[in-house]
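Chain and residue survey
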Amino acid sequence: MSLPAAQPPAALTIRADMWDARRASGWLESAALAQNVPLDQVVRLDHCLDEALANVIRHGGPTALSSPVHLQFGVRRGPGACTAELLVSDAGLAFDPSTFIAVAPHPASLVDAMPGGLGLLLIRNFSDELSYRHSQGRNHLTITVSWVEEA
Amino acid sequence: MAIRFEDVNEGLRRIVLSGRLDTVGSEQIAPKFAELTESANGGVVVYLSEVRFLSSMAISVLVTGAKAVQAKGGRMVLHVAENEVIIRTLEATGINELIPTFQDSLDAEKALLK
């Protein structure tokens with residue numbers, strides 16, 4: 001059973017470029033702090049947002065770059081348990097990050113290390129839950145973090 | 001975000017990064033960081049204690065820099081102090097196993113003397 005939403009979700013539409021991604025980060029921080037989300041949880045969501053938008057811009061293809069990205073943020077609070085959800089919706093190539101599994105071990109040496117490919121790893125590490133659906137030509141990725149609030 | 005450096009001696013360069021190294025910030029410091037690592041003679045300590053956000057792009061910049069230093073026979077290490085977000089990011093990606101990471105700045109610089 002999902003927890004009740006504390007306030008209506010906040011929403012923002014941005015261009016698919018990294019400068020607007022930074023603007024989105026500021027929006028996320030303001031929206032989250034306004035709903036008393038702990039700073040360490042905001043930091044986790046912020047990392048996920050930066051990496052998710054970087055993936056859209058780098059790998060989403062021409063349609064992703066020419067279409068707006070819609071963001072939505074909401075908080076749910078129950079007795080002790082709280083969740084914050086960030087929805088990232090883009091029109092790029094269909095891709096489900098929630099199924100990404102890092103099967104390759106970490107490189108054994110610096111010589112073997114390849115720069116890049118770490119964004120999804122960070123999204124998985126900084127989130128508690130990822131869910132994905134593709135509808136009407138858009139990717140809808142929901143990133144969730146959870147925490148326990150003292151009464 | 002900002003990048004500055006100091007050559008302690010002929011064999012030791014300190015590079016201090018600060019601020020938000022998100023994707024945009026990392027792309028901005030990347031050329032200067034590459035220049036500083038490629039031109040270093042010997043050891044490089046990269047100070048990350050003042051960094052409050054480390055993206056995958058920033059990690060790519062660090063790895064590329066460490067490879068450049070190693071290609072010239074030197075070594076690069078990271079100083080993270082007690083910056084939990086940075087430590088978590090490095091551990092999640094396994095980069096702390098490739099580039100030696102220290103919480104104490106003296107330990108970081110001593111490691112390059114060995």
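Scroll up a little and you will see the structure.
Figured I'd write up the structure that's included with this text. All values derive from a computational prediction rather than experimental measurement.

1. Details of the overall build of chain B
- Broken down by element type, chain B carries 4 helices and 5 strands.
- In chain B, the succession of α and β elements from N to C terminus is β-β-α-β-α-β-α-β-α.
- For 114 residues, the compact-globule formula gives about 13 Å, and the C-alpha radius of gyration of chain B, at 12 Å, lands near that figure.
- Here the C-alpha coordinates of chain B stretch approximately 30 × 25 × 20 Å along the principal axes.
- Within chain B, the fraction of its 114 residues that count as buried is 45%.
- The long-range fraction of contacts in chain B, counting pairs at least 24 apart against all pairs at least 6 apart in sequence, stands at 71%.

2. Remarks on the interface of chain B and chain A
- If you look at the interface, chain B gives 22 residues, while chain A gives 22 residues.
- Counting only elements with at least two residues in the side of chain B that touches chain A, the list comes to α1 (23-38), α2 (56-71) and α3 (84-93) of chain B.
- Residue contributions to the side of chain B that touches chain A peak at 9 residues, all from α2(B).

3. Quick word on the nonpolar core
- By size, the foremost hydrophobic cluster in this structure holds 70 residues, and its most contacted members are A:Leu45, A:Ala52, A:Leu53, A:Leu86, B:Leu17, B:Val46 and B:Leu62.
- What A:Leu86 contacts, discounting residues up to four positions off in sequence, is A:Leu28, A:Leu45, A:Cys48, A:Leu49, A:Phe73 and A:Ile143.

4. Examining α2(B)
All names here are of chain B.
- An ideal rise of 1.5 Å per residue puts 22 Å on 16 residues; α2 measures up with 22 Å between its terminal C-alpha atoms.
- Burial analysis of α2 places 12 of its 16 residues in the buried class, the great majority of the element.
- Among all positions in α2, only Ser56, Met57, Ala58, Ile59, Ser60, Val61, Leu62, Val63, Gly65, Ala66, Ala68 and Val69 are buried.
- Positive backbone phi, approximately 90°, marks Gly73, located one or two places after α2.

5. Considering the pairing of strand β3 (residues 81-90) of chain A
Residues and elements named next belong to chain A.
- Counting buried residues along β3, 8 of its 10 residues qualify, which places the element largely inside the surrounding structure.
- Pairing of strand β2 (residues 69-77) with β3, which is carried by 8 bridges, proceeds in the antiparallel orientation. Bridge pairing in β3 links Val75 to Ala84.
- In this structure, the hairpin formed by β2 and β3 is closed by a connection of 3 residues, where Gly80 is found at a positive phi of approximately 85°.
- Bridge analysis of β3 against strand β5 (residues 138-148) gives 10 bridges, and the strand direction is antiparallel. Within the sheet, the bridge partner assigned to Ala81 lies in β5 and is Val148.

6. Thoughts on the sheet that holds β2(A)
All names here are of chain A.
- The 5 strands lie next to each other as β1-β2-β3-β5-β4, forming an open sheet whose pairing is antiparallel. Two strands bound the open sheet, and with one partner strand each, they are β1 (10-14) and β4 (129-135). Between one strand axis and the next, the sheet turns by 15° as a mean value, whatever way the strands run.
- Strand direction decides the pairing type here: β1 and β2, joined by 5 bridges, are antiparallel. Across the sheet, the residue bridging to Ala11 is Gln72, located in β2.
- Docked against the sheet, helix α1 (residues 18-34) engages β1, β2 and β3, running at close to 175° with respect to β1.
- The sheet contacts of helix α2 (residues 39-59) involve β2, β3 and β5, and relative to β5 the element is tilted by about 165°.

7. Some details on the environment of B:Asn83
- Mapped onto the elements, B:Asn83 comes out in the loop between β4 (75-79) and α3.
- C-alpha separation for the pair B:Asn83 and B:Gly43, spaced 40 residues apart in sequence, amounts to 22 Å.

8. Considerations on the sheet that holds strand β3 (residues 43-54) of chain B
Residues and elements named next belong to chain B.
- The 5 strands lie next to each other as β1-β2-β3-β4-β5, forming an open sheet whose pairing is mixed. One side of each edge strand has no neighbouring strand; the edge strands of this open sheet are β1 (2-9) and β5 (101-102).
- Taken together, the 7 bridges between β1 and strand β2 (residues 12-21) define a ladder with antiparallel strand orientation. The partner of Arg4 across the bridge, within β2, is Val16.

Here is what the cut-offs are and how they apply
- Residues numbered from 1 in each chain as written.
- Chains lettered and ligands numbered in written order.
- Predicted model: local features only at pLDDT ≥ 70, side-chain atom pairs only at ≥ 80, totals over all residues.
- Helix = DSSP H or I, 4+ residues; strand = E, 2+ residues; numbered from the N terminus.
- Rg over C-alpha atoms; globule rule 2.2 N^0.38 Å.
- Buried ≥ 20, exposed ≤ 12 C-beta atoms within 10 Å, placed from the backbone.
- Contact = placed C-beta atoms within 7 Å.
- Core = buried A, V, L, I, M, F, W, Y, C linked by C-beta atoms within 7 Å.
- Expected span 1.5 Å × (residues − 1).
- Pairing = 2+ DSSP bridges.
- Axes fitted to C-alpha atoms, helices over the stretch in contact; angles between N-to-C directions.

Shape descriptors only; they carry no functional weight alone.
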